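Residues per chain, in single letters:
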Amino acid sequence: MTNLLPKMAEIWQQTLNWQPTDQQQAQFQKLYELILEGNRQLNLTRITDPEEFWEKHLWDSLRGIAPLLSANFSPAPLHKRSPASPALIDIGTGAGFPGIPVTITVPNCTITLLDSTRKKITFLDNILTELAFNNAKTLVGRAEEIGQHPQHRLAYDIALIRAVGAASVCAEYTLPLLKQGGLAIIYRGNWTEDETTTLQNAVKQLGGVIESIEQFTTPLSNSIRHCLYLRKVANTPANFPRAVGIPTQKSL
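Cut-off values and rules
For every chain, the first residue of its written sequence is number 1, and the numbers climb from 1 along that sequence. The predicted nature of this model means local features are confined to residues of pLDDT at least 70 and side-chain atom pairs, given and counted, to a pLDDT of 80 or more, with totals for whole chains, interfaces and linings taken over all residues. Side-chain measures were taken over the full set of non-hydrogen atoms in the model, leaving aside hydrogen atoms and water. Only protein chains enter the accessibility calculation, which uses a 1.4 Å probe; a residue whose area is less than 20% of its type maximum is buried, one above 50% is exposed, and one in between is partly exposed. Think of it this way: any DSSP run of H or I at least four residues long counts as a helix, any run of E at least two long counts as a strand, and we number them from the N terminus. The axes used here are C-alpha line fits, helices contributing only the stretch in contact, and every angle between their N-to-C directions lies in the interval 0 to 180 degrees. For classification, angles of less than 35 degrees are called roughly parallel, those exceeding 145 degrees roughly antiparallel, those between 65 and 115 degrees roughly perpendicular, and all remaining angles oblique. By convention the crossing between two helices is left-handed if the near helix lies anticlockwise of the far one by an angle smaller than a right angle, and right-handed if it lies clockwise. In what follows, residue pairs with any heavy atoms lying within 4.5 Å of each other are defined as contacts. Should DSSP find at least two bridges between two strands, the strands are regarded as paired. Salt bridges are identified by distance alone: a Lys or Arg side-chain nitrogen within 4 Å of an Asp or Glu carboxyl oxygen. Each polar contact in these results corresponds to two N or O atoms within 3.5 Å; when the atoms are within protein, one needs to be able to donate a hydrogen and the other to accept it, and residues that are neighboring in sequence are counted only if both atoms are side-chain atoms. For a helix, the expected span equals 1.5 Å multiplied by the residue count minus one.

### Concerning helix 8 (residues 167–174)
Of all the eight residues making up helix 8, eight are buried; the element is thus mostly covered by neighbouring parts of the structure. Ala167, Ser168, Val169, Cys170, Ala171, Glu172, Tyr173 and Thr174 are the residues of helix 8 that are buried.

Okay, here's the thing in structure tokens:
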């Protein structure tokens, strides 16, 4: 095998108070190989170096859900009234991040991987088959449409969104999908106080509050990253999310 992912057991333990089992490590490795293979046909990720893949795709994905991991898979700290098996949705999942690493590490969750690109979803279907996951499924669609769909609106405990648009746009995509008391986790690189003010205004209109903003440093490249945690505390008005394209053109 040429491309072996590093194990990084100590770093996992120090940073997330968690480390993968042998089976999870094997699944990470398999995921990495499938992505390298898929990259030949589809432009899935520029990140192919084993250490960089570990940090920017695996570690980063799981850092956002660290409260779920450190609580021995009990979502209580994240979601005060959460069921034993939380329903998650990963919006704009792309090559499956953060959704697939989360599926590997939180076995009692059910997760929906949403992307608007059918080719990517077909690729993810193959990954789910190869990894024999029965707690994950895929969905082709736009967040604006899914958020208005009765089957999906108010259906999820946790919504994950990484590398998609401005934070207020992410809030408009996630909050309508959440049950009352649910949590949106928005993954960001840089973040400023001004952005917090803008986001607060948007979140308020959507029935949410900013519960916390965590800043952290990645363990290998020492890059600064942020995770924003939005709690849904009231009903999202029926006109949100707005029609396809509107949230990005006229963000709240």
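### Comments concerning the packing of helix 2 (residues 22–38) against helix 6 (residues 118–130)
It is at 11 Å that the axes of helix 2 and helix 6 come closest, and there the two elements cross at 150°. Classified by the interaxial angle, the pair formed by helix 2 and helix 6 is roughly antiparallel. Every pair of crossing elements has a handedness; the one defined by helix 2 and helix 6 is right-handed. Here Lys30, Leu31, Leu34, Ile35 and Gly38 of helix 2 lie close against helix 6, whose contacting residues are Phe123, Ile127 and Glu130.

### What about the sheet that holds strand 5 (residues 178–188)?
The seven strands are arranged 3-2-1-4-5-7-6 in an open sheet whose pairing can be described as mixed. Strand pairing shows two members of the sheet lacking a second neighbour, strand 3 (136–140) and strand 6 (208–217), which therefore form its edges. Within this sheet the neighbouring strands show an average axis-to-axis angle of 20°, counted without direction. Packed onto the sheet, helix 3 (residues 50–63) meets strand 4 (156–162), strand 5, strand 6 and strand 7 (224–232) and runs at close to 140° relative to strand 6.

### Points about the pattern of salt bridges
Counted under the stated rule, the structure contains nine salt bridges. For the salt bridge of Arg63 with Glu214, the shortest nitrogen-to-oxygen distance reads 2.8 Å. With Arg63 in helix 3 and Glu214 in strand 6, the pair connects residues that are 151 residues apart, well separated along the chain. A residue is classified by how much of its surface remains accessible, and Arg63, at 11% relative accessible area, is buried. Measuring nitrogen to oxygen at the nearest pair gives 2.7 Å for the salt bridge that ties Arg231 to Glu211. With Arg231 in strand 7 and Glu211 in strand 6, this residue pair connects regions lying 20 residues apart in the sequence. Its relative accessible area of 5% is what places Arg231 among the buried residues. Among the residues examined, Glu211 registers a relative accessible area of 36% and is labelled partly exposed.

### As for the side chain of Arg162
Tracing the backbone shows Arg162 in strand 4. Among the residues examined, Arg162 registers a relative accessible area of 12% and is labelled buried. At 2.8 Å, the side chain of Arg162 forms a polar contact with the backbone oxygen of Lys56. Of note is the side chain of Arg162, whose polar atom sits 2.8 Å from the side chain of Asp60.

### Focus on the pairing of strand 7
Burial analysis of strand 7 places eight of its nine residues in the buried class, which makes it a mostly covered element. Where strand 5 and strand 7 come together, six bridges link them in antiparallel fashion. Looking at strand 7, one finds that Leu183 is bridged to Arg231. Pairing of strand 6 with strand 7 involves nine bridges; the strand directions are antiparallel. When the sheet's bridge partners are listed, Ser212 is paired in strand 7 with Tyr229. The turn joining strand 6 and strand 7, which pair antiparallel and follow one another in sequence, is formed by six residues; a positive phi near 55° is taken by Asn222.

### A look at helix 2
With 17 residues, helix 2 extends 24 Å from end C-alpha to end C-alpha; this agrees with the ideal 24 Å at 1.5 Å per step. Taken together, the buried positions of helix 2 are occupied by Gln24, Gln25, Gln27, Phe28, Gln29, Leu31, Tyr32, Leu34, Ile35 and Gly38. Its buried side turned inward, helix 2 meets helix 1 (9–16), helix 3, helix 5 (99–105) and helix 6.

### What about unusual backbone geometry?
Negative phi characterises most residues that are not glycine, and trans characterises most peptide bonds. Backbone torsion omega between Phe97 and Pro98 reads 5°, so that peptide bond is classified as cis. Of note, Pro98 is situated in the loop between strand 1 (87–91) and helix 5. In this model, Phe240 is joined to Pro241 through a cis peptide bond whose omega is -5°. In this fold, Pro241 is placed in the loop between strand 7 and helix 10 (246–249). Residue Asn17 is not a glycine yet carries a positive backbone phi of 55°. With respect to the helices and strands, Asn17 occurs in the loop between helix 1 and helix 2. One non-glycine residue, Ala132, lies in positive phi territory at about 55°.

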